[in-house]
Structure formats: structure tokens, C-alpha cells
Amino acid sequence: MTWSFQLYSARNFQPWDKVLETLKMIGYKNVEGFGGMYDTPGADALWDMLDKNGLAMPSGHFSLDQLKDSNTGLRTAKTLRMKLVACPHIAADRRPNDAAGWRDFGKMLAEVGKPYRDEGYDFAWHNHDFEFQPLGDGSVPMTHILDAAPELGWEMDVAWVIRGGADPKPWIEKYGSRILAVHVKDIAPKGQNTDEDGWADVGHGTVDWKGLCQLLRDKSAAKYFVMEHDNPSDATRFARLSFAAAQRF
């Protein structure tokens, strides 16, 4: 299993060239980009830094607005030699409030992803917690997103599934063939790591990552396992301890 690192985790610990050098020294071979990086430092400069450090960026996050500008999005993905393009979020004020709205949202994502799929890229939605919170009819948005758009892949953020109140295992069992990548993050015991929004270094929290990694290897199509921490107080510590723990998974 090859581990990747979501660079959003290190957004507060730049410069990027030093971040990438550190990740290479720790042992990472892959990183995952995010929207803000593609303008600053820019895709060309970013590729030069990756190449210098022997790192690849097989996957990247793009905002919905960035994805809709498919010419620019495709140029960025090509420059950075990506293989998977993922849409990571939708703001609260843009979210549907019923099942029909979420089905329409799934169809819209599939349409936005078509230019990327046509050029040979995998295209996926990346979840947070809100997709697993019940609607008025008791259903959850993630079901509608996936079922309305069979061509849409899923980058599964397991810890957000758990924070949304769901058990990730049945979702892996049902939708494993749609899971193209996984975000590997951990949840601190209740009341701990409040300065880090309750997240933990991978392998140092409450998520059964050893068991889940085995299940994902057996039941999903995931190619990329991406370490992430939304608000680490020390990105190098997070990267190092998480990489070390992952060797046991």
C-alpha cells in the first residue's frame, strides 16, 4: 500500500518546498493537492517542486467552481500528472435540503465530471459529515448522490463518515467498487485534542484503521490512501507519526 499526504494538512506550515522535502524524508511517495495551491505557487512551480523531491501528485481536490472551468482544470491536472480529480465540498448555503435536491446534485456532479472522465481521469466526490445526516424522510444525502450518478466515484473520508454518525463498514461493503481513494484521518478520544478540533494523528485515535485498511483492500477499488489532519498543531509531527503507524496497517 502506497501512502499519500493531503497537502491541506500543511497549509499553515509553508513554504511548500520545505514541506515537500520533509514529506520525502519521512518516506511519502505521493501527495494530494488542493484548490488554493493551483494558483499559488501555481501548477508549473508546484510540479517543479514535486519533481525535485521525487514526489508524485496522482490525485487532487478542486472546488466546484474550479471544476466548472474545465479547460483550466484539465490543464492543471495534466501539468501535475494527476489521475484522479475530486470535488471536496459544497458550502452550507448551497446544499440541498431534500432527497430530490441531492439526487439532482449527484447528477450535476456527474455532468461536471464528464470532461475529466472523457480525458481519462477518474472523477470523485469527497464526503464530509453532512452527507450522512438524515433528511426529513430518514434517508441520507450520500445515498442519493451515489445512486443518482453511477459514473461518479467516491473519495471516502472515513473519519467524516464516523463524525456524521454512520458506520463506514456497510458503506464500504455496498459501494466499494465506487471508492477510488480514501482519506485516512483519525479521531481523538472525546475531550482530547480540542486545540486540533478533536482530530488525532493516524493510529493514535479511536478509528480502527488496521481493520478498515484490510476491509478497504479487500472490498474497494481504492488506489490512493491519503493521510489528512484538518488542523494539526504540528504538520511534521502528524506526517511522521501517521506514516510510522501506517506501516502496521
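These lines cover the structure that appears in this document, whether it is placed above or below. Throughout this document, residue positions are counted from 1 along each chain, in the order its sequence is written. Local features in this predicted model are restricted to residues of pLDDT 70 or higher, and side-chain atom pairs are both shown and tallied only at a pLDDT of 80 or more, whereas totals for entire chains, interfaces and linings draw on every residue. Working from all heavy atoms in the structure, the side-chain values ignore hydrogens and water.

As for the pairing of strand β4 (residues 84-87)
No. 1: Each residue is assigned to one of three classes by its accessible area relative to the maximum for its type, calculated with a 1.4 Å probe on protein chains only: buried under 20%, partly exposed between the two thresholds, exposed over 50%. Starting at the N terminus, helices and strands are each numbered in turn, a helix being any DSSP run of H or I of at least four residues and a strand any DSSP run of E of at least two. Of the two faces of β4, both are covered, the one formed by Leu84 and Ala86 as well as the one formed by Val85 and Cys87.
No. 2: Across three bridges, strand β3 (residues 56-61) lies against β4 in parallel orientation. Looking across to β4, one finds that Gly60 is bridged to Val85.
No. 3: Pairing between two strands requires that DSSP report at least two bridges joining them. As defined by bridge partners, β4 adjoins strand β5 (residues 122-126) across four bridges and the pair is classed as parallel.

Thoughts on the packing of helix α1 (residues 16-26) against helix α2 (residues 43-52)
No. 1: Axes here refer to lines fitted to C-alpha atoms; in helices the fit is confined to the stretch in contact. Angles between the N-to-C directions go from 0 to 180 degrees. The contact between α1 and α2 brings their axes to 9 Å, and the two run at 30 degrees. Compared by their axis directions, α1 and α2 come out roughly parallel. Judged by the sense of rotation from one axis to the other, the crossing of α1 with α2 is right-handed. Only Leu46, Met49 and Leu50 of α2 make contact with α1, whose side of the interface consists of Trp16, Asp17 and Leu20.
No. 2: Tallied by class, the residues present in the contact of α1 with α2 amount to five nonpolar, no polar and one charged. An angle below 35 degrees is read as roughly parallel, one above 145 as roughly antiparallel, one from 65 to 115 as roughly perpendicular, and any other as oblique. Each crossing gets its hand from how the near helix is turned against the far one by less than a right angle, where anticlockwise is left-handed and clockwise is right-handed. We call two residues contacting when some pair of their heavy atoms lies within 4.5 Å. Amino acid classes used here: Ala, Val, Leu, Ile, Met, Phe, Trp, Tyr, Cys and Pro are nonpolar; Asp, Glu, Lys and Arg are charged; the rest, including Gly, are polar.

Points about the sheet that holds β4
No. 1: The eight strands lie next to each other as β1-β2-β3-β4-β5-β6-β7-β10, forming a closed barrel whose pairing is parallel. The mean angle between the axes of side-by-side strands here comes to 30 degrees, regardless of whether they run parallel or antiparallel.
No. 2: The pairing of strand β2 (residues 30-33) with β3 spans three bridges and is classified as parallel. Bridge pairing links Gly33 to Gly60 in β3.

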